[in-house]
Amino acid sequence: MPVSFRQLHAAFAAEVAGIDCRSALSEGEVAAIEAGMDHYAVLVFPDQDITDQQQLAFTRHFGELENYASGGHIRKRLDSRLGAGMADFSNLDKDGRIMSAEDRVWFFKLGDRLWHSDSSFRPVPAKYSLLSGRVLPTWGANTEFADMRAAYDALDARTKAEVEDLVCLHSLIYSREAIGFTDLTEQEIADFRPVRQRLVRTHPVTGRKSLFLSSHAGAIEGWTVPEARMFLRDLTEHATQREFVYSHAWRPFDLVIWDNRTTMHRARRFDRNEVRDVRRTTLAGDVITIEQATAAD
Ligand code: MN
């Protein structure tokens, strides 16, 4: 069956037909999905009742899994219910019970409801994230995506010139601080040392520019913190207007892939007394954003 795409939003995102994510893909199928990602940035694969091993195998068609040996404190906790390579974005503890509202891991998870790009706080941020919906709550829990290429394109010329060479500092400390979760350990503070990221990224295949925003961004080099935070907030409000946002309502066994280089996303509220079991695999990025921009100049 040939691969086909049905666009879900005026700017981006598409639903894919003709792919069984449980089976090995042909080179042609991998190329079609990669081309779809370059164009749509978010792809939804419906009815993919996959195991963790099948999700890992599917992910590896598109590159290397993200694997950070250091800073693994939180990663280990996210992984503890699941095997290696699988990140647990459920509200379940390692024994499969709904976690306490006072659990620190829950506080970390709540931060994912702020707009962000996965691993923007890592020296080499993530390429694709692949999220499989296994058990979903009866209300809420959409994932929203914002097209940061369309958001960049819509900036006025003066703002485009202003952001072109800016470098932001990203850290989990900034995004957790934004929800009032400041009770971090010395080890966490050391693990979450801010990293530098370009504010404007250029896609390596399409050459399209996009805003690399994230709630993990808390400073701009050469700017005062208040000025930087206000500008980042303004840019985020601009970039997350409805015209740039696709809101995904999950059906069981949807597999959704997004490109963290060109989109932001956020989780939405749900009843925490209901189970939400969603599992993520993550593809490593291949460039430091500072160097990528230099290479593209
Ligand atoms: Mn995320």
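This report concerns the structure included in the present document.

1. So, the overall build of the chain
- Within the chain one finds ten helices and 15 strands.
- A compact globule built from 297 residues would reach a C-alpha radius of gyration of about 19 Å, and the chain, at 18 Å, matches this within 12%.
- Put simply, 82% of the contacts in the chain that link residues at least 6 apart link residues at least 24 apart.
- Of the roughly 13300 Å² of accessible surface on the chain, 51% is carried by carbon and sulfur atoms.
- If you average the places of the 37 positive and of the 44 negative side-chain charges in the chain, the two averages end up 2 Å apart.

2. Some details on the coordination of the manganese ion
- In the first shell of the manganese ion, the protein supplies His 116 (NE2), Asp 118 (OD) and His 265 (NE2), at 2.1 to 2.2 Å from the metal.
- Taken in sequence order, the residues that donate to the manganese ion follow the motif H-x1-D-x146-H. Remark: His 265 occurs in strand β14 (residues 263-267) and Asp 118 occurs in the loop between α4 (104-110) and β5 (128-135); sequence separation between them is 147 residues. Each member of the pair, Asp 118 as well as His 265, carries the same accessibility label: buried.

3. Some points on the packing of aromatic side chains
- Taken as a whole and judged by the stated rule, the model has ten aromatic pairs.
- Measuring from ring centre to ring centre gives 6.4 Å for Phe 62 and Tyr 128, while their planes differ by 55°; the resulting arrangement is tilted. You can see Phe 62 sitting in the loop between α2 (52-60) and α3 (72-79) and its partner Tyr 128 sitting in strand β5, a full 66 residues away along the chain.
- Taking relative accessible area as the criterion, Phe 62 reaches 4% and is therefore assigned buried.
- Classification of Tyr 128 by relative accessible area gives buried; the value is 2%.
- Both rings, one in Phe 108 and one in Phe 181, keep their centres 5.0 Å apart while their planes meet at 85°; by these two values the pair is edge-to-face.

4. Quick look at the pairing of strand β15 (residues 277-282)
- Where burial is concerned, most of β15 is hidden: six out of the six residues are buried.
- By the alternation rule, side chains of β15 split into Asp 277, Arg 279 and Thr 281 and Val 278, Arg 280 and Thr 282, which are all buried.
- Sheet topology places strand β4 (residues 87-88) next to β15; two bridges connect them, and they run antiparallel. Bridging across to β15, Ala 87 finds its partner in Arg 280.

5. Focus: unusual backbone geometry
- Although it is not a glycine, Ala 13 adopts a positive phi angle of roughly 70°.
- You can see Ala 13 is positioned in the loop between β1 (4-7) and β2 (14-17).
- Positive phi is not limited to glycine here, since Ser 119 has a value of about 60°.
- Counting through the fold element by element, Ser 119 comes out in the loop between α4 and β5.

6. Focus: the nonpolar core
- The biggest cluster of nonpolar side chains holds 24 residues, and the ones touching the most others in it are Met 148, Val 163, Leu 199, Leu 211, Leu 213, Ile 220 and Leu 235.
- At the level of secondary structure, the elements contributing two or more residues to this core comprise α5 (148-153), β11 (217-220) and α9 (225-239).
- Tallying contributions element by element places α9 first for this core, with five residues.
- Excluding anything up to four places from it in sequence, Leu 199 contacts Val 163, Leu 166, Cys 168, Ser 210, Leu 211, Phe 212, Leu 213 and Leu 235.
- Formed by 19 residues, the second largest nonpolar core is a distinct cluster that contains Cys 21, Val 30, Met 37 and Phe 58.

7. Notes on the side chain of His 265
- Its relative accessible area of 5% is what places His 265 among the buried residues.
- Looking at His 265, its side chain comes within polar contact range of the side chain of Trp 258, at 3.3 Å.
- Other than its neighbours up to four places away in sequence, His 265 contacts Leu 114, Trp 115, His 116, Ser 117, Asp 118, Thr 143, Glu 144, Phe 145, Trp 258 and Asn 260.

8. Let's talk about the pairing of strand β7 (residues 167-170)
- As paired strands, β7 and strand β8 (residues 195-198) are joined by four bridges and run antiparallel to one another. From the neighbouring strand, Val 167 faces β8, where its bridge partner is Arg 198.
- Relative to β11, β7 is paired through three bridges, and the arrangement is antiparallel. Bridge pairing links Leu 169 to Ala 219 in β11.

Rules and cut-offs
Residues numbered from 1 in each chain as written. Predicted model: local features only at pLDDT ≥ 70, side-chain atom pairs only at ≥ 80, totals over all residues. Heavy atoms only, no water. Helix = DSSP H or I, 4+ residues; strand = E, 2+ residues; numbered from the N terminus. Rg over C-alpha atoms; globule rule 2.2 N^0.38 Å. Contact = heavy atoms within 4.5 Å. Areas by Shrake-Rupley, 256 points an atom, 1.4 Å probe, with all protein chains shown as cover. Lys, Arg positive; Asp, Glu negative; His and termini not counted. Charge placed at Lys NZ, Arg CZ, Asp CG, Glu CD. Donors = N, O, S within 2.8 Å, 3.2 Å for Na, K, Ca; no water. Buried < 20%, exposed > 50% of the residue type's maximum accessible area, 1.4 Å probe, protein only. Phe/Tyr/Trp six-rings, centres within 6.5 Å; stacked < 30°, edge-to-face > 60°. Pairing = 2+ DSSP bridges. Core = buried A, V, L, I, M, F, W, Y, C linked by side-chain atoms within 4.5 Å. Polar contact = N/O pair within 3.5 Å; in protein donor to acceptor, adjacent residues only side chain to side chain.

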